[in-house]
Amino acid sequence: MLALYAVLLLITLYIPVLWIASSFFLILPFFIYSAKYPAKNSVMLIIAAIIISMITGNIVAVSIGFAYGTTGAAMGYFLYRKKGKFSVYMAGSLVFLANTIIQYVVAVLFFHFNLIDDSMKMLRESFERSVHMMDQLGEPVPDKAMEQFEFGMDYFRALVPSIFVVSSFVMVFLFTVIHFPILKRLGVEVPSWKPIREWQMPKSVLWYYIIVLIAAIIFVPENGSMWYMIYINLLFMLQICLTIQGISFLYFFGNLKNWPKAVPTALTVLSFLFFPVLYLVRILGIMDLGFDLKQRLQQKP
């Protein structure tokens, strides 16, 4: 497993293009090992992997080894204890999120590298160059466009906590999709996901969504305030939950009406490409949670 990790790490660090694929497999050695052996063995594997990272790479390699090692070990440990797939997924997501936050804080405090601020600075400079170029061509950028750009920048900055959360959960979801079939072929007992049509968010999600909207009406969030950041992030995360519920309903309804599987899949893809479709899917999620549409349709003769 250490040899496999070392090869994947070298590819990730030093081979352009291939690092995109290899980075998804860095977690695999820890995942496999932790699913078969007790936790204390996994700790030794992580320590050895960190030592190899120090030898073959730099501080970036060490952070990669620790993040992927602890995430894979956490997921493998839950498999070793025969936990359900959702428990494995949540454990991996929370550990990966913790690693992401720790690495971000360390980079800012000790290396004075802020990925978010640097990215926003580059984006702003690119926009200002475009504005200057348009002015020279005699086509000044409208003030409304400038205001929308500033609003977008402020909105993105406020959403940083949610971006960390969503990116971590998406990454670990991809890990499960890629690696669970591999683990199964290696003889590891792997639990299965429920079909998407059976996914169900708690009804409390809808109530939280309504409460947040009412609170925003009573206490209007001002741009830059703490309440604005809390409101934006809560609303964003709740909207994601409602969207997932809407997608689940699409698959449920498609199964009920014997649609080809390609139909709800296509609608799901369209919902992420076109905002009007996304809004409709979210509304379906709200209606499903509020009126128990799945249960009502199942009981309908």
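Conventions adopted
Residues numbered from 1 in each chain as written. Predicted model: local features only at pLDDT ≥ 70, side-chain atom pairs only at ≥ 80, totals over all residues. Heavy atoms only, no water. Phe/Tyr/Trp six-rings, centres within 6.5 Å; stacked < 30°, edge-to-face > 60°. Helix = DSSP H or I, 4+ residues; strand = E, 2+ residues; numbered from the N terminus. Buried < 20%, exposed > 50% of the residue type's maximum accessible area, 1.4 Å probe, protein only. Contact = heavy atoms within 4.5 Å. Axes fitted to C-alpha atoms, helices over the stretch in contact; angles between N-to-C directions. Parallel < 35°, antiparallel > 145°, perpendicular 65-115°, else oblique. Nonpolar A, V, L, I, M, F, W, Y, C, P; charged D, E, K, R; others polar. Expected span 1.5 Å × (residues − 1). Patch = residues over 30% accessible without salt bridge, like charges linked within 9 Å, V, L, I, M, F, W, Y side chains within 5 Å. Areas by Shrake-Rupley, 256 points an atom, 1.4 Å probe, with all protein chains shown as cover. Salt bridge = Lys/Arg side-chain N within 4 Å of Asp/Glu carboxyl O.

Some points on the packing of aromatic side chains
Geometry of an aromatic ring pair is reported as the spacing of the ring centres plus the angle between the planes.
Inference 1: Evaluation of the coordinates by the stated rule reveals 18 aromatic pairs.
Inference 2: Centroid distance tyrosine 68 to phenylalanine 175: 6.0 Å. Interplanar angle 55°. Geometry classified as tilted. With tyrosine 68 in helix 5 (residues 59–80) and phenylalanine 175 in helix 9 (residues 160–185), the pair connects residues that are 107 residues apart, well separated along the chain.
Inference 3: Residue classification places tyrosine 68 among the buried residues on the basis of a relative accessible area of 11%.
Inference 4: Owing to a relative accessible area of 0%, phenylalanine 175 belongs among the buried residues under this scheme.
Inference 5: Judged by centre distance (5.9 Å) and plane angle (80°), the rings of tyrosine 89 and phenylalanine 169 are edge-to-face. Within this pair, whereas tyrosine 89 is found in helix 6 (residues 85–111), its partner phenylalanine 169 is found in helix 9, the two being separated by 80 residues in sequence. Just as tyrosine 89 is buried, phenylalanine 169 falls in that class too.
Inference 6: Taken together, the ring pairs in this structure connect Phe24, Tyr68, Phe96 and Phe175 into an aromatic cluster.

Some remarks on the side chain of serine 162
Inference 1: Take serine 162: it is sitting in helix 9.
Inference 2: Other than its neighbours up to four places away in sequence, serine 162 contacts Asn233, Phe236 and Met237.

Quick notes on the packing of helix 7 (residues 115–136) against helix 8 (residues 143–158)
Inference 1: The contact between helix 7 and helix 8 brings their axes to 11 Å, and the two run at 175°. Between helix 7 and helix 8, the crossing angle belongs to the class labelled roughly antiparallel. Contacts between helix 7 and helix 8 involve Ile116, Asp117, Met120, Leu123, Arg124, Phe127 and Val131 from the first element and Ala145, Met146, Phe149, Glu150, Met153, Phe156 and Arg157 from the second.
Inference 2: Taken together, the residues of the contact of helix 7 with helix 8 break down into 10 nonpolar, no polar and four charged.

Some words on the packing of helix 11 (residues 226–256) against helix 13 (residues 275–291)
Inference 1: For the pair helix 11 and helix 13, interaxial distance at closest approach is 7 Å and the crossing angle is 85°. With respect to their mutual orientation, helix 11 and helix 13 come out roughly perpendicular. Packed against helix 11, whose contacting residues are Gln239, Leu242, Thr243, Gln245, Gly246, Ile247, Phe249 and Leu250, the element helix 13 presents Leu278, Val281, Arg282, Leu284, Gly285, Ile286, Asp288 and Leu289 at the interface.
Inference 2: Within the contact of helix 11 with helix 13, the residues separate by chemical class into nine nonpolar, five polar and two charged.

Re helix 5
Inference 1: Helix length check: helix 5 (22 residues) gives 31 Å between terminal C-alpha atoms against 32 Å at 1.5 Å per residue, within 8%.
Inference 2: Lysine 82 occupies a position one or two residues after helix 5 and carries a positive phi of about 60°.

Some details on a nonpolar patch on the surface
Inference 1: There is a patch of nonpolar side chains on the surface, built from Ile59, Val60, Ile101, Ile102, Val105, Val106, Leu109, Phe110, Phe111, Phe113 and Leu115 and spanning about 1000 Å² of accessible area.
Inference 2: Listing elements by their share of the nonpolar patch, those giving two or more residues are helix 5 and helix 6.
Inference 3: Among the elements that make up the nonpolar patch, the one with the highest residue count is helix 6 (seven residues).
Inference 4: Here leucine 115 is to be found in helix 7.

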